[in-house]
Every structure is written in structure tokens, then in C-alpha cells.
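# Summary of structural features
Listed here are the chains, written in short residue letters.
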Amino acid sequence: MSRVNYDEPLFEVKDLCQYFPVGRRHRLKAVDHVSFTIYKGETLGLVGESGCGKSTTGRCMVKLYKPTAGQVLFKGRDVFALNAEEEKRFHKEVQMIFQNPHSSLNPRQTVKDIIGYGMKLHGLCTDANMDEKVVEMLHRVGLNRDHMSRFPHEFSGGQKQRIGIARALAVEPEFVVCDEPISALDVSIQAQVLNMLRELQKEMGLTYLFIAHDLSVVKYISDRIVVMYLGTMVEFAEAEEIYANPLHPYTQVLLSSIPVADPRAVREKKRIVVKGEVPSPIDPPDACRFAERCPHATEACRKSAPPLREVKPGHFVACHAVE
Amino acid sequence: MAENKAENILEISHLEFSFRTYGGVVKSVRDVSFNLRQGEILGIVGESGCGKSVTCSCILKLNPEPPGFFGKDSSIKYKGEEIVTKTNREMRRIRGAEIGFIFQDPMTSLNPTMTVGKQIEEVFVGRGVTGAEAKRRALEILTLVGINEPERRYKQYPHELSGGMKQRVVIAIAMVAKPSIIIADEPTTSLDVTIEAQILDLLKELRDKIGTSIILITHDLGVIAKMCDRVLVMYGGRIAERGTVDQIFYETAHPYTAGLMRSIATLDTAKDEKLVPIDGTPPDLFAPPPGCPFAARCEYAMKVCYERPPKETQLAPEHRCCCWLLHEKAPKVDLRRGRGEGQA
């Protein structure tokens with residue numbers, strides 16, 4: 001993909017840890033030593049099941065949480081050591097699209113206020129030309145001038161999500177965290193929003209962190225993919241590579257569990273069945289987190305956590321069993 | 001697979017169900033007819049608001065009446081018995097014992113103040129099963145749905161269980177009386193993929209063991225492909241297309257079904273390929289369009305589509321479709337265009 005500039009890292013996440021205290025004695029390790037780099041213009045997919053820490057990672061990056069340990073660098077600057085002015089600039093350049101469009105828009109604000117407020121705050125428009133700018137933004141996401149004075153409850157789910165996207169893009173950001181932007185939408189609407197995100201990326205030169213649990217969607221939209229399990233990274237590679245050649249047993253299970261919309265393929269496909277459920281992230285043992293459910297687990301897997309290592313150029317995996 | 005000769009356990013004809021609201025009457029289900037056969041898995045697929053859940057709640061009369069009401073020609077026959085005219089008291093005999101229901105969200109469909117065991121045994125209340133016998137059957141069903149340590153789980157409360165485990169309990173409640181039909185309303189939508197695969201396998205296994213017929217409501221075509229024998233595609237309160245799973249996927253006849261399939265990203269979708277969304281939004285059921293409900297979003301819509309509802313055309317045994325394009329005077333179109341073979 002030529003639009004990605006692999007010489008220019010935009011975001012660097014280094015050894016990010018986010019622990020939450022549970023009672024006095026326990027800690028929930030939501031994100032545990034996660035590191036990756038996002039380059040300008042690319043889409044990085046982050047997949048995993050609920051509770052694997054994918055949203056927490058995204059939220060740390062936009063400073064919604066203060067991480068327990070580790071660094072997040074945006075254009076080489078530590079985002080947790082910015083002065084007031086840099087801070088404001090950071091929040092203009094980094095935006096977020098939320099999962100549930102029904103709860104992420106203020107029900108008491110009109111669409112104009114929702115979209116225009118950020119622009120005004122960052123001096124991108126004046127009171128005089130705010131209407132004009134908001135309409136321009138609405139056109140971009142497929143809505144029009146009539147929608148400007150309405151309230152969120154007057155819209156369908158797909159339209160609300162468009163408003164959420166317009167709000168995020170109104171301040172001309174460089175980087176957008178899309179946290180499950182389509183999972184609350186109907187199937188026929190999902191494609192509309194997905195196409196729109198891709199077009200806007202091309203037009204505005206955006207970089208995305210795309211968080212989702214639906215692997216087919218992530219594969220479609222991402223350049224590279226991080227697979228997470230219980231707070232740790234298990235595999236990291238280019239999208240095509242992960243699908244063609246999944247190395248971690250968990251990635252293989254995840255891929256084989258996707259219901260395929262093709263009855264003939266379903267009958268032929270061999271499925272890897274995994275027993276049990278995701279264990280608790282509270283005080284996890286110092287071992288491979290997937291060991292309990294892994295069909296290939298050995299003694300070594302239960303004794304020490306495998307480090308993430310590069311097994312092929314650009315393909316990282318954290319597993320003792322992989323050569 | 002296809003059990004053509006199998007008897008119909010449920011016959012629904014001209015089902016209409018509407019709700020009176022302050023905004024007017026919402027016609028949720030409009031003239032829906034279908035049969036369910038012994039031992040089959042029938043899938044109902046459609047978007048939110050297409051009437052799939054209301055249709056299935058009608059079978060157990062779970063929709064509140066008022067504000068809801070049946071249309072005058074509606075008929076639901078379970079083993080020859082008319083359901084529509086039954087009183088609530090009579091329905092109690094059928095719910096749970098004859099027809100079980102698996103709800104979408106296991107987090108909210110279990111009673112948080114009752115132990116798992118008590119909730120399962122509740123199915124037997126007033127049905128002449130003694131305490132010890134009820135417990136024995138509850139433990140038996142817990143084992144059958146794949147719960148480890150049933151004795152311990154029996155005494156636990158729902159909050160002590162994980163999502164997948166709760167859904168297993170919900171399935172256990174639906175199965176414990178060995179009903180002849182199970183209605184599963186989006187049973188896996190709120191679960192993770194690896195757990196979803198486990199639950200779907202479980203449902204299929206139970207069907208094979210006990211021979212229950214299952215109506216599976218979902219919006220996920222992947223789940224349909226994996227599970228179902230026959231499929232109904234619903235749109236705007238009507239059945240758009242019906243057929244065996246192979247007919248629906250490989251001999252798609254309705255533009256809406258084709259649109260659904262083109263709009264989903266699969267693992268084989270190439271990066272540079274654009275998804276083809278269905279433009280627009282589903283129809284307003286307060287004032288449903290007089291013609292085909294899909295006409296406003298259909299790229300092949302003709303004048304007649306807006307004016308008169310299409311009749312159902314029989315295309316093959318089992319395969320029927322409601323679309324004016326199948327009329328002898330209509331232009332021939334290739335619905336597969338846009339993905340794969342049809343692309344120029």
C-alpha cells in the first residue's frame with residue numbers, strides 16, 4: 001500500500017501496561033506490556049475477544065486513561081508529558097469514534113453543536129462561518145443541511161454513527177481511534193460506514209487504529225493487525241500474512257471460529273475447536289495466557305510467558321511452540 | 001438435511017401482528033406464512049425491525065396484547081392446535097413444555113436473585129414433577145449442555161457465571177422439558193466468536209440427540225450458513241425469499257438477499273475491492289409502502305414495485321421469492337453482479 005509511509009512513525013506504544021485495582025489486594029491486568037508502532041497513513045487493526053484489552057489500549061492512546069507503566073509517543077513526544085498548549089494540539093490531532101452511536105452523542109445538543117463545538121474550540125471556524133463548515137462536514141459523511149438543527153434521537157443508528165464520525169473528523173485530526181465503529185449497526189448499514197471510513201482516509205490522509213472483534217472486517221480495512229488475548233499481544237503482522245499464515249494457536253482458533261457465509265465452504269472446512277472460556281484477567285499467572293485452552297500447550301507454556309519475537313520479517317508472535 | 005416428507009410441526013399462515021402506539025399503528029409483521037418441520041433448523045434472517053423477533057414471539061404469544069394485536073386472518077397451528085385464540089392460561093401449558101425460547105442476551109434473561117438450579121426447575125412448576133425428580137432432570141440437562149461440575153453450578157447465581165456459561169444455562173432452561181420446538185432469538189449475538197462457535201455446535205448437537213426443531217433468528221449470514229436447513233429472509237415485515245440454505249446462498253433470487261451478501265466483508269474480500277452497501281434505510285412501518293417494501297432501496301426497482309406488492313413465485317421445490325423481477329415480463333438481471341463471476 002503506497003499511501004503508508006513506513007519511515008514516519010506517528011504513534012509509538014512502548015511497553016504499555018494498564019492495571020486496575022480490584023479491591024485492595026488484586027490487580028486486573030487489562031493491558032500488559034503491549035508495544036507497537038503506527039505509521040503515517042496506515043490502518044492498524046486491533047482484534048481480540050471481549051476483555052482482551054483492545055479498547056483499553058485505544059483509550060490509553062487518546063489519554064482517556066493514564067497508564068500504569070510504559071510510554072506512548074505521538075510524533076516522538078511523550079503524550080503524558082505535554083504542556084497545556086501541546087495538550088490542546090494533541091486533542092485536535094487525535095480523535096476517537098465510539099462503538100455505540102446511541103450513547104456517545106449528547107441528547108440535548110443539536111447536530112450543529114455536536115459537530116461545531118470542537119471546530120470552534122480549536123479556532124477552525126468562527127461564529128459566522130460555523131454553519132457553512134458544519135454543512136460541509138455533513139456532506140462529507142452523507143448527510144445534509146436539513147439535519148443540522150435536529151437532535152440525535154431523530155436519527156437512525158447508521159446516521160448517528162455518521163454524526164459521530166463527522167464530530168471526530170471536524171477538527172481535521174491526523175489520527176483516529178475507531179473503537180468498534182460498526183458493531184452496533186445493521187449488516188446492510190455496516191458496509192456504508194466502512195466504505196465511508198475508507199474514502200475519508202484517502203481524502204484526508206488519516207491514520208486509523210481500528211479496534212474490532214470481527215476479523216473479516218478488520219482484515220478488509222487494515223494494513224497490519226495486532227491480535228490480543230487477555231491483555232497481551234499474541235501476534236502482529238501484515239493483514240494478508242496473518243490470514244494466510246497464522247502462527248499463534250489462538251489466532252488459528254479465532255480464524256477458524258468465524259462463521260463463514262458460504263454453506264459449502266462450511267461443510268468442507270476443518271474447524272479447530274477450543275475448549276473453555278477466557279480466564280479471568282485478575283492476577284494472571286506468569287505464564288502463557290492461552291496455555292489453559294491451547295491444544296499444543298506444554299510444560300514450558302505453563303512456566304513462563306513467551307516473549308513476542310520476530311519469526312519472519314514483519315511477523316511477530318508470542319508462542320513457545322512456534323519455531 | 002432436506003426432509004421433504006417430514007411432517008409440519010408448526011404451520012403459520014397469513015400472520016399479521018401490529019402494535020398501537022401514540023404515533024399510530026406499527027405493522028410489524030405483514031402476511032407471513034411458513035411451516036416448521038420435525039427436526040429441522042429453520043433460519044430467519046433480516047435486519048433489526050424486519051419483524052423476525054415479533055414473528056417468533058407470536059408463536060408463544062409473548063407480545064403484550066394490548067398494545068399489540070393479531071390481524072384477523074392470522075393463524076398459528078402447533079400440531080394442529082390454533083395458538084392465536086388461546087388464552088394466557090392455556091398458553092402456560094405450551095410455553096416451556098412444548099415450545100422453548102432462548103433469548104438474545106443471557107446477561108438479562110436470567111433472574112439474578114435465583115440460583116441456576118431453581119431457575120431450571122421453575123419450568124416444572126405446576127407440571128406434576130416432584131422436587132427430587134426435578135433436581136435430577138436439572139442436573140442431567142446441565143451436564144448435557146456441557147457445564148462442568150453441575151452440582152456446584154446448580155447452587156450458584158447467574159452473576160457467578162461467565163457469558164458463555166450463562167447462555168448454556170439459558171439453553172438448559174429451554175431444553176429441560178424436552179420441548180418439540182425451540183425458538184432461539186439471536187442466541188450468540190452477545191458472545192465472543194470462540195464461544196459462539198461452541199454454543200452453535202451445542203445447539204446442533206442437541207437437535208441431533210433430541211430431535212427438536214429449532215427456529216434460529218439471526219442477522220448473521222455466517223451463522224445461517226453453518227446451522228440451517230432452510231432459510232427465510234425477512235424484510236419490512238414480510239418474507240422476501242425462502243429456500244434451502246444452498247438455494248439462498250447460490251441461487252439467490254431476491255435483490256435484498258443478494259445485497260446482503262454483497263455488503264458483508266469476508267476473509268476472501270480483497271483489499272481494493274469495494275463493499276457494495278445497500279443504500280438507504282429500512283422502511284417506516286408506521287406507513288409501510290403500498291408496493292414492495294424493498295423498492296426504495298432496490299437498484300432494479302420498476303414502477304410496479306412501488307405500486308403493488310409482488311406475489312410469491314415458486315422457483316424450485318422449496319425455493320420461493322417475492323419479487324417483481326421474476327414476473328415473465330420483467331427484464332432479466334444478474335443479481336450476482338458486483339462480486340466474483342458477474343464482474344466485468
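Procedures and definitions
Residues numbered from 1 in each chain as written. Chains lettered and ligands numbered in written order. Predicted model: local features only at pLDDT ≥ 70, side-chain atom pairs only at ≥ 80, totals over all residues. Heavy atoms only, no water. Pairing = 2+ DSSP bridges. Helix = DSSP H or I, 4+ residues; strand = E, 2+ residues; numbered from the N terminus. Axes fitted to C-alpha atoms, helices over the stretch in contact; angles between N-to-C directions. Contact = heavy atoms within 4.5 Å. Buried < 20%, exposed > 50% of the residue type's maximum accessible area, 1.4 Å probe, protein only. Arc of directions from axis to C-beta. Salt bridge = Lys/Arg side-chain N within 4 Å of Asp/Glu carboxyl O. Buried area = accessible area lost by both parts, 1.4 Å probe. Polar contact = N/O pair within 3.5 Å; in protein donor to acceptor, adjacent residues only side chain to side chain. Nonpolar A, V, L, I, M, F, W, Y, C, P; charged D, E, K, R; others polar. pLDDT = per-residue confidence, 0-100. Core = buried A, V, L, I, M, F, W, Y, C linked by side-chain atoms within 4.5 Å.

### Things to note about the sheet that holds strand β11 (residues 238–244) of chain B
Residues and elements named next belong to chain B. If you trace the eight strands from one edge of the open sheet to the other, you get β7-β8-β9-β3-β10-β11-β13-β12, paired in mixed fashion. For this open sheet the edge positions go to β7 (99–102) and β12 (312–316), each flanked by a neighbour on one side alone. Between one strand axis and the next, the sheet turns through 20° on average, direction left out of account. With five bridges joining them, strand β3 (residues 41–45) and strand β9 (residues 213–218) adopt parallel strand pairing. Residue pairing in the sheet places Ile-41 in a bridge with Ile-214 of β9. Strands β3, β7, β8 (181–185), β9 and β10 (230–235) of the sheet are contacted by helix α1 (residues 52–59), whose axis makes an angle of about 150° with β9.

### Things to note about helix α2 (residues 84–93) of chain A
All names here are of chain A. Taken as a whole, α2 has its buried residues at Phe-90, Lys-92 and Glu-93. For α2, the angular spread of buried residues about the axis comes to 160°, placing them on one side. Buried residues along α2 sit in contact with β1 (5–22), α1 (54–61), β4 (69–74), β6 (94–97) and β7 (175–179).

### Details of the pattern of salt bridges
Scanning the model with the defined rule gives 33 salt bridges over all chains in all. For Glu-87 of chain A, the salt bridge is made with Lys-63 of chain A, and the minimal N-O distance between the two is 2.9 Å. Here Glu-87 of chain A is found in helix α2, whereas its partner Lys-63 of chain A is found in the loop between α1 and β4, with 24 residues between them in sequence. Assessed through its relative accessible area of 21%, Lys-63 of chain A is described here as partly exposed. We note a salt bridge from Glu-40 of chain B to Arg-230 of chain B, for which the minimum N-O separation is 2.7 Å. Of this pair, Glu-40 of chain B sits in the loop between β2 (24–37) and β3 while Arg-230 of chain B sits in strand β10; the two residues are 190 residues apart in sequence, bridging distant segments of the chain. Neither residue differs from the other here; Glu-40 of chain B and Arg-230 of chain B are each classed as buried.

### Notes on unusual backbone geometry
Cis peptide bonds are those with omega within 30 degrees of zero, and the linkage from Glu-65 of chain B to Pro-66 of chain B qualifies with -15°. Looking at where Pro-66 of chain B falls in the secondary structure, it is placed in the loop between α1 and β4 (68–70). Even without being a glycine, Asp-15 of chain A presents a positive backbone phi close to 50°. Examined against the element boundaries, Asp-15 of chain A turns out to sit in strand β1. A positive phi is found at Lys-75 of chain A, a non-glycine position, where the angle reads about 50°.

### Side note on the sheet that holds strand β3 (residues 43–47) of chain A
Residues and elements named next belong to chain A. Taken together, the eight strands give an open sheet; going across it, the order is β6-β7-β8-β3-β9-β10-β12-β11, and neighbouring strands pair in mixed fashion. Two strands lie at the open edges of the sheet, namely β6 and β11 (309–312), each paired on one side alone. With strand direction ignored, the average angle separating the axes of adjacent strands in the sheet is 20°. In this sheet, strand β12 (residues 315–317) lies alongside strand β10 (residues 232–238) in antiparallel orientation, the contact comprising two bridges. Counted as the bridge partner of Glu-235 is Val-317 from β12. Its contacts with the sheet place α1 against β3, β6, β7, β8 (207–212) and β9 (224–229), and it is angled at close to 150° to β8. Taken strand by strand, α2 contacts β6 and β7, and its axis lies near 40° from that of β6.

### Some details on the interface of chain A and chain B
The interface is formed by 44 residues belonging to chain A together with 44 residues belonging to chain B. For the chain A and chain B pair, buried surface summed over both sides reaches about 3,700 Å², with 55% attributable to carbon and sulfur atoms. When the buried surface of chain A facing chain B is broken down by residue, Val-187, Tyr-220 and Glu-277 of chain A rank first, second and third, together holding 17% of it. Run the count over chain A and chain B and you get zero salt bridges. The interface formed by chain A and chain B holds seven residue pairs in polar contact (both at pLDDT 80 or more) in total. Of all elements in the fold, only α6 (187–204), α7 (215–221), α8 (239–244), α9 (249–257) and α10 (263–268) of chain A reach the threshold of two or more residues within the side of chain A that touches chain B. Of the residues contributing to the side of chain A that touches chain B, the split by class is 22 nonpolar, nine polar and 13 charged.

### Describing the environment of Glu-90 of chain B
Residues and elements named next belong to chain B. Here Glu-90 shows up in helix α2 (residues 88–94). Residue class for Glu-90 comes out partly exposed when judged on its relative accessible area of 39%. Spatially, the C-alpha atom of Glu-90 lies 23 Å from that of Asp-185, the residues being 95 residues apart in sequence. In terms of polar contacts, Glu-90 uses its side chain to reach the backbone amide nitrogen of Thr-87, at 2.9 Å.

### Some details on the confidence of the model for chain B
All names here are of chain B. With 96% of its residues at a pLDDT of 70 or more, chain B has an overall mean of 85. Confidence scores differ between elements of chain B, with helix α3 (residues 106–109) showing the lowest mean pLDDT of 82 and β3 the highest of 93. Low confidence marks residues 338–344, where pLDDT is under 50. Its contacts with residues over four positions away, or in another chain, come to 13 contacts. Across the predicted assembly, pTM comes out at 0.82 and ipTM at 0.75.

### A short note on α9 of chain A
Summarising burial for α9 of chain A: eight of the nine residues are buried, a large majority. Those residues of α9 of chain A lying buried are Pro-249, Tyr-250, Thr-251, Val-253, Leu-254, Leu-255, Ser-256 and Ser-257 of chain A. As for α9 of chain A, its buried residues are in contact with α7, β9, β10 and α8 of chain A together with α8 (193–210) of chain B.

### Details of the pairing of strand β1 (residues 8–21) of chain B
Across 10 bridges, β1 of chain B lies against β2 of chain B in antiparallel orientation. Each bridged residue has a counterpart across the sheet, and for Phe-17 of chain B the counterpart in β2 of chain B is Val-29 of chain B.

### Details of the nonpolar core
The nonpolar side chains of a soluble globular protein tend to be buried with one another. Counting 70 residues, the largest nonpolar core has Ile-102, Ile-120, Ile-171, Leu-216, Met-227, Val-231 and Phe-249 of chain B as its most contacted members. The element contributing the most residues to this core is helix α7 (residues 163–175) of chain B, with seven residues. Beyond its immediate sequence surroundings of up to four residues, Met-227 of chain B is in contact with Ile-41, Leu-200, Leu-203, Lys-204 and Leu-216 of chain B. Leu-143, Val-171, Ile-221 and Tyr-243 of chain A belong to the second largest nonpolar core, which has 68 residues in total.

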